[in-house]
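Below, each chain spelled out in residue letters.
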Amino acid sequence: MIELKTPREFAAMRVAGRVVAEALTRARAAAAVGVTPVELDEVAREVLAEHNAGSSFLGYRPGFAPTPYPAVLCVSVNDAIVHGIPDNTPLRDGDLVSIDFGAHINGWHGDSAQSFIVGTADPADVDLIAATERALAAGIEAAVIGNRLGDIGHAIGTVARAGGYGVPPDFGGHGIGRAMHESPSVMNEGTPGRGLRLRAGMAIAIEPMLHIGGDDYRTDPDGWTLRTVDGTRAAHAEHTIAITEDGPQILTAP
Ligand code: MF3
Ligand code: CO
């Protein structure tokens, strides 16, 4: 079932979304050569505490996961695609870092992610991140009333494939609201004109993941971290979006 939100409820989600944006901004600003993912997680925890917000991730256990998620931030470095658990490995010059964060306030969730490079950038990584951001923008642009879910997937997938990038087949976006993960699933590839019709009041997280190499991924022994099988780098970008009569609104904008 899809839970439609009222404008007031969208406003409540935006409160959570602002905290998410602030945590991402501050974690990203803290990221530098020699800093560890655990330290970035600590920055994100401080932001939660300052706003009396709860973590959407800490203790969360989706069907695919063997253990509850142990942190508030996902930090996915280089060939890690998503769901990287923060560890104590210092970031190195040229690392491609994806951070993903979710928070809830008054029972409403926000979820967002971004990718960036620490130190000296490889132009191929800059291109990958730019394509991932373009894919997210295209997906958001397609999130209009009357379109269908397949139009969003098609918009994302078209940008990804035009750049020659891989896309992991089983992971994508999702409905969001009183829970971080609600119906529907928002796939990163799709057929135009197919799937659920988009309606005012739907809140969805759109989250393209692009690989420099092939589509294939594997899961680390930790049961969480997804990595490209060929070792090529991956980028991730995500926003929580409200579908409204006035077009798509980004609820996780700073
Ligand atoms: N944006 C990610 C997702 O929707 C965040 C999940 S991390 C988890 O899958 F730890 F909460 F699972
Ligand atoms: Co998400």
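Residues numbered from 1 in each chain as written. Chains lettered and ligands numbered in written order. Predicted model: local features only at pLDDT ≥ 70, side-chain atom pairs only at ≥ 80, totals over all residues. Heavy atoms only, no water.

Colleague: Before we move on, can you summarise the site of ligand 1 with the specific residues and values?
Modeller: The local shell around ligand 1 holds 13 residues, among which Asp100, His174, His181, Glu207 and Glu238 are the closest. Measuring from an oxygen atom of ligand 1, one finds a side-chain N or O atom of His83 at 3.1 Å. Here ligand 1 loses 96% of its free accessible area of 330 Å² to cover by the protein chains. Split by residue class, the shell around ligand 1 holds six nonpolar, three polar and four charged. (Near = heavy atom within 4 Å. Polar contact = N/O pair within 3.5 Å; in protein donor to acceptor, adjacent residues only side chain to side chain. Areas by Shrake-Rupley, 256 points an atom, 1.4 Å probe, with all protein chains shown as cover. Nonpolar A, V, L, I, M, F, W, Y, C, P; charged D, E, K, R; others polar.)

Colleague: Break down the packing of helix α1 (residues 7-30) against helix α2 (residues 37-50) for me, citing the residues and quoting the values.
Modeller: At a minimum axis separation of 9 Å, α1 and α2 run at an interaxial angle of 145°. With respect to the hand of their crossing, α1 and α2 are arranged in right-handed fashion. For the pair formed by α1 and α2, the contact residues are Val19, Glu22, Ala23, Arg26, Ala27 and Ala30 on the first element and Leu40, Val43, Ala44, Glu46, Val47 and Glu50 on the second. Counted by class, the contact of α1 with α2 contains eight nonpolar, no polar and four charged residues. (Axes fitted to C-alpha atoms, helices over the stretch in contact; angles between N-to-C directions. Helix = DSSP H or I, 4+ residues; strand = E, 2+ residues; numbered from the N terminus. Left-handed = near helix turned anticlockwise from the far one by under 90°. Contact = heavy atoms within 4.5 Å.)

Colleague: Explain the coordination of the cobalt ion (ligand 2) to me, using residue names and the numbers behind them.
Modeller: Ligation of the cobalt ion (ligand 2) by protein atoms is provided by Asp111 (OD), His174 (NE2), Glu207 (OE) and Glu238 (OE), these donors lying 2.1 to 2.2 Å from the ion. In this structure, the cobalt ion (ligand 2) is coordinated by six donor atoms arranged in irregular fashion, with angles at the metal of 70 to 169°. Site description for the cobalt ion (ligand 2): donor spacing in sequence, D-x62-H-x32-E-x30-E. A residue pair is termed long-range when its members are at least 10 positions apart, and His174 in strand β6 (residues 173-175) and Glu207 in the loop between β8 (203-206) and β9 (209-211) qualify at 33 residues. Classification of His174 by relative accessible area gives buried; the value is 6%. (Donors = N, O, S within 2.8 Å, 3.2 Å for Na, K, Ca; no water. Tetrahedral: all angles 85-135°; square planar, octahedral: opposite > 155°, others 65-115°. Buried < 20%, exposed > 50% of the residue type's maximum accessible area, 1.4 Å probe, protein only.)

Colleague: How would you summarise the side chain of His109 if you had to cite specific residues and measurements?
Modeller: Structurally, the position occupied by His109 is in strand β5 (residues 108-117). Overall, the relative accessible area of 11% leaves His109 in the buried class. Looking at His109, its side chain comes within polar contact range of the main-chain oxygen of Arg178, at 3.4 Å. Apart from residues lying up to four places away in sequence, His109 is in contact with Met13, Ala16, Ser56, Ala103, His104, Ile176, Gly177, Arg178, Ala179 and Met180.

Colleague: Which residues make up the sheet that holds strand β10 (residues 217-219), and what are the values?
Modeller: Judged by pairing direction, the sheet is antiparallel, and its three strands sit side by side in the order β3-β11-β10 without closing on themselves. Every other strand in the sheet has two partners, leaving β3 (80-82) and β10 as the edge strands with one partner each. Each adjacent strand pair in this sheet contributes to an overall mean axis angle of 40°, direction not counted. Across two bridges, the pairing between β3 and strand β11 (residues 226-228) is antiparallel. Its bridge partner being in β11, Ala80 is matched across the sheet by Arg227. (Pairing = 2+ DSSP bridges.)

Colleague: Go over the pairing of strand β13 (residues 239-244) with me, naming the residues and quoting the values.
Modeller: For β13, the tally of buried residues reaches six of six residues, placing the bulk of the element in the interior. Taking every second residue as pointing to the same face, both faces of β13 are buried, with His239, Ile241 and Ile243 on one and Thr240, Ala242 and Thr244 on the other. Here four bridges tie β8 to β13, and the two strands are oriented antiparallel to one another. Its bridge partner being in β13, Ala203 is matched across the sheet by Ala242.

Colleague: Describe the packing of aromatic side chains, with residues and values.
Modeller: Inspection of the entire model under this criterion finds five aromatic pairs. Pairing Phe64 with Phe171 gives two aromatic rings, centres 5.5 Å apart and planes at 80°, and the pair type is edge-to-face. Of this pair, Phe64 sits in the loop between β1 (54-55) and β2 (73-77) while Phe171 sits in the loop between α4 (149-162) and β6, and the two are 107 residues apart along the sequence. Judged by its relative accessible area of 40%, Phe64 is partly exposed. Using a relative accessible area of 15% as the deciding quantity, one classes Phe171 as buried. (Phe/Tyr/Trp six-rings, centres within 6.5 Å; stacked < 30°, edge-to-face > 60°.)

Colleague: Any details on the pattern of salt bridges? Residues and values, ideally.
Modeller: Counted by the stated rule, this structure contains 12 salt bridges. A salt bridge links Glu9 to Arg178; the nearest nitrogen and oxygen atoms lie 3.7 Å apart. Highlighted residues: Glu9 in helix α1 and Arg178 in the loop between β6 and β7 (182-186), separated in sequence by 169 residues. Under the relative-accessibility criterion, Arg178 is labelled partly exposed at 48%. (Salt bridge = Lys/Arg side-chain N within 4 Å of Asp/Glu carboxyl O.)

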